[in-house]
Amino acid sequence: QQQVKQSPQSLIVQKGGISIINCAYENTAFDYFPWYQQFPGKGPALLIAIRPDVSEKKEGRFTISFNKSAKQFSLHIMDSQPGDSATYFCAASSRGQNFVFGPGTRLSVLP
Amino acid sequence: KAGVTQTPRYLIKTRGQQVTLSCSPISGHRSVSWYQQTPGQGLQFLFEYFSETQRNKGNFPGRFSGRQFSNSRSEMNVSTLELGDSALYLCASSLGQLNQPQHFGDGTRLSIL
């Protein structure tokens, strides 16, 4: 119940395309859902986060869509660029509990 | 504002030795969490410290321990190192209220020979 499932494991997108990464959870107590971006040799960097009181949050080219009833949330990267090539992690947490991370999606954006 | 600083960046040890990793959080952040990252297991939570007290603990053996100092800096210790402890150890800090954004350092790459 503490798991966060993430798909796909890897993703290849053409420059200018839309990258979509999906996550699902079981624990209904989760109430904070961040996405992290990690480049090789670096730690994960907080990209965007959402709480369940909203269904969508947009920051620049990055959008989180949240479906509370389905217990799913997704990251959309619009106009994907080669510089977006990285590993993306979704995560979830609830008050008093540690963060649980998805297994990661390796995104490659082809020029 | 300086980010989370982890030292050292790389470390090579042999089986049976012990190691201490250090983490300096973002100024003003009072919570420090430690994670182990491996290709096979992903990001796994080790423990979290807040105001010098362990507030949360993951499912790791007692060989993994940590502490936090009054200035919020934290150390993680691993004793009797095993080959399977080879990993990237990440530290993340947050303001301290529960369920707040965590900001990661670049990690310490630990290799066990």
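Please refer to the structure placed before this passage.
Along each chain, the written sequence defines residue order, and numbers are assigned to residues from 1. For this description, chains carry letters from A and ligands carry numbers from 1, given in the order in which they are written. Totals for whole chains, interfaces and linings use all residues, but because this is a predicted model, local features are given only for residues with pLDDT of at least 70 and pairs of side-chain atoms are given and counted only at 80 or more. Heavy atoms throughout the structure, all of them, feed into the side-chain values; hydrogens and water do not.

1. Here's the deal with the overall build of chain A
Now for step 1: Secondary structure summary: chain A contains zero helices and eleven strands in total.
Now for step 2: Strands here mean DSSP runs of E at least two residues long; helices mean DSSP runs of H or I at least four residues long; both are numbered from the N terminus. Traced from its N-terminal end to its C-terminal end, chain A shows the element sequence β-β-β-β-β-β-β-β-β-β-β.
Now for step 3: Dimensions of chain A, computed from the C-alpha atoms along their principal axes, are close to 40 × 30 × 20 Å.
Now for step 4: Looking at chain A as a whole, 47% of its 111 residues qualify as buried.
Now for step 5: Residue contacts are defined here by distance: any two heavy atoms, one from each residue, within 4.5 Å place the two residues in contact. Across chain A, every contact between residues at least 6 apart in sequence was considered, and the portion connecting residues at least 24 apart equals 53%.
Now for step 6: Only the protein chains shown count as covering a residue, and every accessible area follows the Shrake-Rupley method with a 1.4 Å probe. Here chain A has roughly 5500 Å² of accessible surface; of this, 49% comes from carbon and sulfur atoms.
Now for step 7: In this tally, Lys and Arg are treated as positive and Asp and Glu as negative; His is ignored, and so are the chain termini. In plain terms, the charge of a residue is placed at NZ if it is Lys, CZ if Arg, CG if Asp and CD if Glu. For chain A, the separation between the mean place of its 11 positive charges and that of its 7 negative charges on side chains is 4 Å. Categorising residues by exposure relies on relative accessible area from a 1.4 Å probe, with only protein chains included: less than 20% of the type maximum marks a residue as buried, more than 50% marks it as exposed, and the intermediate range marks it as partly exposed.

2. What to know about the state of the cysteines
Covalent bonding between the sulfur atoms of two cysteines is what defines a disulfide.
Now for step 1: Our working definition of a disulfide is a cysteine sulfur pair at a distance within 2.5 Å. The full count for this structure, using the stated rule, is two disulfides over all chains.
Now for step 2: Here Cys 23 of chain A engages in a disulfide with Cys 90 of chain A; their sulfurs sit 1.9 Å apart. Torsion about the S-S bond of the Cys 23 of chain A and Cys 90 of chain A cystine: about -95 degrees, corresponding to left-handed handedness. A residue pair is termed long-range when its members are at least 10 positions apart, and Cys 23 of chain A in strand E3 (residues 19-25) and Cys 90 of chain A in strand E9 (residues 86-92) qualify at 67 residues. Of the two residues, Cys 23 of chain A and Cys 90 of chain A, both sit in the buried class.
Now for step 3: With its sulfur 1.7 Å from that of its partner, Cys 23 of chain B forms a disulfide with Cys 91 of chain B. A torsion of -50 degrees about the S-S bond marks the disulfide between Cys 23 of chain B and Cys 91 of chain B as left-handed. You can see Cys 23 of chain B sitting in strand E3 (residues 19-24) and its partner Cys 91 of chain B sitting in strand E9 (residues 87-94), a full 68 residues away along the chain. We note that Cys 23 of chain B, like Cys 91 of chain B, is buried.

3. Let's talk about the layout of surface pockets
Now for step 1: The volume enclosed by the largest pocket comes to roughly 1200 Å³.
Now for step 2: Cavities and pockets were defined on a 1 Å grid built over protein atoms only: a cavity is a set of grid points that admits a 1.4 Å probe from which the probe cannot escape, a pocket is an open set flanked by protein on both sides within 12 Å along at least five of seven lines, and lining residues are those with an atom within 4 Å of any such point. Lining the largest pocket are 45 residues, and of these Gln 37, Thr 38, Gln 41, Gly 42 and Leu 43 of chain B lie nearest its centre.
Now for step 3: Mapped onto the lining of the largest pocket, the elements with two or more residues apiece are strand E1 (4-7), E9, strand E10 (100-101) and strand E11 (105-110) of chain A together with strand E4 (31-38), strand E5 (42-50), E9 and strand E11 (108-112) of chain B.
Now for step 4: In terms of residues, the lining of the largest pocket owes the most to one element, E5 of chain B, which gives four residues. Grid points are joined across faces, edges and corners, and a volume is the space filled by probe spheres set on the points.

4. Focus on the sheet that holds E1 of chain A
Residues and elements named next belong to chain A.
Now for step 1: Strand pairing is assigned whenever DSSP detects at least two bridges linking the two strands. Spatially, five strands are ordered E1-E3-E8-E7-E6 in an open sheet, and the strand pairing comes out antiparallel. One side of each edge strand has no neighbouring strand; the edge strands of this open sheet are E1 and strand E6 (56-59). The sheet shows a mean angle of 15 degrees between the axes of neighbouring strands, direction not considered.
Now for step 2: Bridge count between E3 and strand E8 (residues 72-77): six bridges; the pairing is antiparallel. Looking across to E8, one finds that Ser 19 is bridged to Ile 77. A fitted line through C-alpha atoms serves as each axis, taken over the contacting stretch for helices, and the angle formed by two N-to-C directions is quoted from 0 to 180°.

5. What to know about the pattern of salt bridges
All names here are of chain B.
Now for step 1: Put simply, a salt bridge is a Lys or Arg side-chain nitrogen that is within 4 Å of an Asp or Glu carboxyl oxygen. Applying the stated criterion across every chain yields a total of nine salt bridges over all chains.
Now for step 2: Between Arg 63 and Glu 82 there is a salt bridge whose closest N-O contact spans 3.6 Å. Taken together, the residues span a long stretch of sequence, with Arg 63 in the loop between strand E6 (53-57) and strand E7 (64-68) and Glu 82 in the loop between strand E8 (74-78) and E9 at a distance of 19 residues.
Now for step 3: Within this structure, Arg 63, Glu 82 and Asp 85 form a network of salt bridges that share partners.

6. Structural notes on the pairing of E9 of chain A
Residues and elements named next belong to chain A.
Now for step 1: Of all seven residues making up E9, seven are buried, and the element is well covered by its neighbours.
Now for step 2: As paired strands, E9 and E11 are joined by three bridges and run antiparallel to one another. Within E11, the position partnered with Tyr 88 by the bridge is Thr 105.

7. Considering the sheet that holds E3 of chain B
Residue and element names in this part refer to chain B.
Now for step 1: What the four strands build is an open sheet, ordered E1-E3-E8-E7; its pairing is antiparallel. The strands lining the two open edges of the sheet, one partner per strand, are strand E1 (5-7) and E7. Averaged over neighbouring strand pairs, the angle between their axes works out to 20 degrees when direction is ignored.
Now for step 2: Relative to E3, E1 runs antiparallel, the two being bridged by three bridges. Paired with Thr 7 across the bridge in E3 is Ser 22.

By themselves these figures say nothing about function.
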